[in-house]
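Per-entry structural report
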Amino acid sequence: MPNFRAPKSDIHFIARGLLVQGDSVILCKAKEEDWFFLPGGHVESGESARTTLLRELKEEIGKGDYNISSFLGVCENVFTLEGEQLQHEVNIVFKVDVPPNVTLNSLEEHIEFVSFKTETLNEHKILPEALKTGLLEWLEDGRPFLKEL
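Residues numbered from 1 in each chain as written. Predicted model: local features only at pLDDT ≥ 70, side-chain atom pairs only at ≥ 80, totals over all residues. Heavy atoms only, no water.

Re the pairing of strand 5 (residues 67-81)
Bridge analysis of strand 5 against strand 6 (residues 84-97) gives 13 bridges, and the strand direction is antiparallel. Directly across from Asn-67, in strand 6, lies its bridge partner Asp-97. Adjacent in sequence and paired antiparallel, strand 5 and strand 6 are bridged by two residues, among which Glu-82 carries a positive phi angle near 50 degrees. (Pairing = 2+ DSSP bridges. Helix = DSSP H or I, 4+ residues; strand = E, 2+ residues; numbered from the N terminus.)

A short note on the side chain of Lys-147
Its place among the elements puts Lys-147 in strand 8 (residues 145-147). Among the residues examined, Lys-147 registers a relative accessible area of 17% and is labelled buried. The residues contacting Lys-147, other than those within four sequence positions of it, are Val-74, Cys-75, Glu-76, Ala-130, Thr-133, Gly-134 and Glu-137. (Buried < 20%, exposed > 50% of the residue type's maximum accessible area, 1.4 Å probe, protein only. Contact = heavy atoms within 4.5 Å.)

Quick word on the side chain of Gln-21
Here Gln-21 is to be found in strand 1 (residues 11-21). Within the structure, the side chain of Gln-21 is placed 2.9 Å from the backbone oxygen of Val-102, a separation counted as a polar contact. Those residues in contact with Gln-21, other than ones at most four positions away along the chain, are Ile-26, Val-98, Pro-99, Pro-100, Asn-101 and Val-102. (Polar contact = N/O pair within 3.5 Å; in protein donor to acceptor, adjacent residues only side chain to side chain.)

Points about helix 2 (residues 129-141)
With 13 residues, helix 2 ought to run about 18 Å at 1.5 Å a step, and its terminal C-alpha atoms sit 19 Å apart, in line with that. Considered for burial, the residues of helix 2 that qualify are Leu-131, Lys-132, Gly-134, Leu-135 and Trp-138. The buried residues of helix 2 occupy an angular sector of 160 degrees when the element is viewed end-on, so they sit on one face. Contacts from the buried residues of helix 2 go to strand 1, strand 5, strand 6 and strand 8. In the stretch just after helix 2, Gly-142 is the one whose phi turns positive, near 75 degrees. (Expected span 1.5 Å × (residues − 1). Arc of directions from axis to C-beta.)

Looking at unusual backbone geometry
Of note, the bond from Leu-127 into Pro-128 is cis; its omega dihedral lies within 30 degrees of zero at -5 degrees. When you line up the elements, Pro-128 lands in the loop between strand 7 (111-117) and helix 2. The backbone of Asn-101 shows a phi angle near 65 degrees, a positive value even though the residue is not glycine.

Some thoughts on the pattern of salt bridges
Applying the stated rule across the entire model yields nine salt bridges. Across the pair Glu-44 and Arg-55 runs a salt bridge whose closest N-O atoms are separated by 3.6 Å. Here Arg-55 lies in helix 1 (residues 49-60) and Glu-44 lies in the loop between strand 4 (40-42) and helix 1, a separation of eleven residues in the sequence. For Glu-44, a relative accessible area of 45% puts it in the partly exposed group. With a closest N to O distance of 3.4 Å, Asp-97 and Lys-95 form a salt bridge. Accessibility expressed as a relative area gives 23% for Asp-97, which makes it partly exposed. Taken together, the shared-partner salt bridges connect Glu-44, Glu-47, Arg-55, Glu-56 and Glu-59 into one network. (Salt bridge = Lys/Arg side-chain N within 4 Å of Asp/Glu carboxyl O.)

See the structure below:
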């Protein structure tokens, strides 16, 4: 086999979890912002997306029995600020079942976890917007989504 090195990529792979607790979902919120996002983080070289999500949940919430029950979809996104591209990312999204009566508290002081009834998800600003659209579609029909650029 020839000596092959993949070119360095500026595309970030992110594993994210939709935390579902009964008829509610639990989202992250940066304390100083007015928008929400799914918990998770960057996939490290040689790490699976599932392993990444479990690691990130333990870092953000602490020890727990996280049950990744299904794959929800993939969402590509490019974050821009004042017309400048800041980050190109591919979000790999899973459903994470949270047992009833468990309260999630953040171990990171800049974020908090907020619970919403599933039917009110559309009323909240969730970024990236395409990911929110994919989640709403999944909640409607249960089919995995693909949101491309």
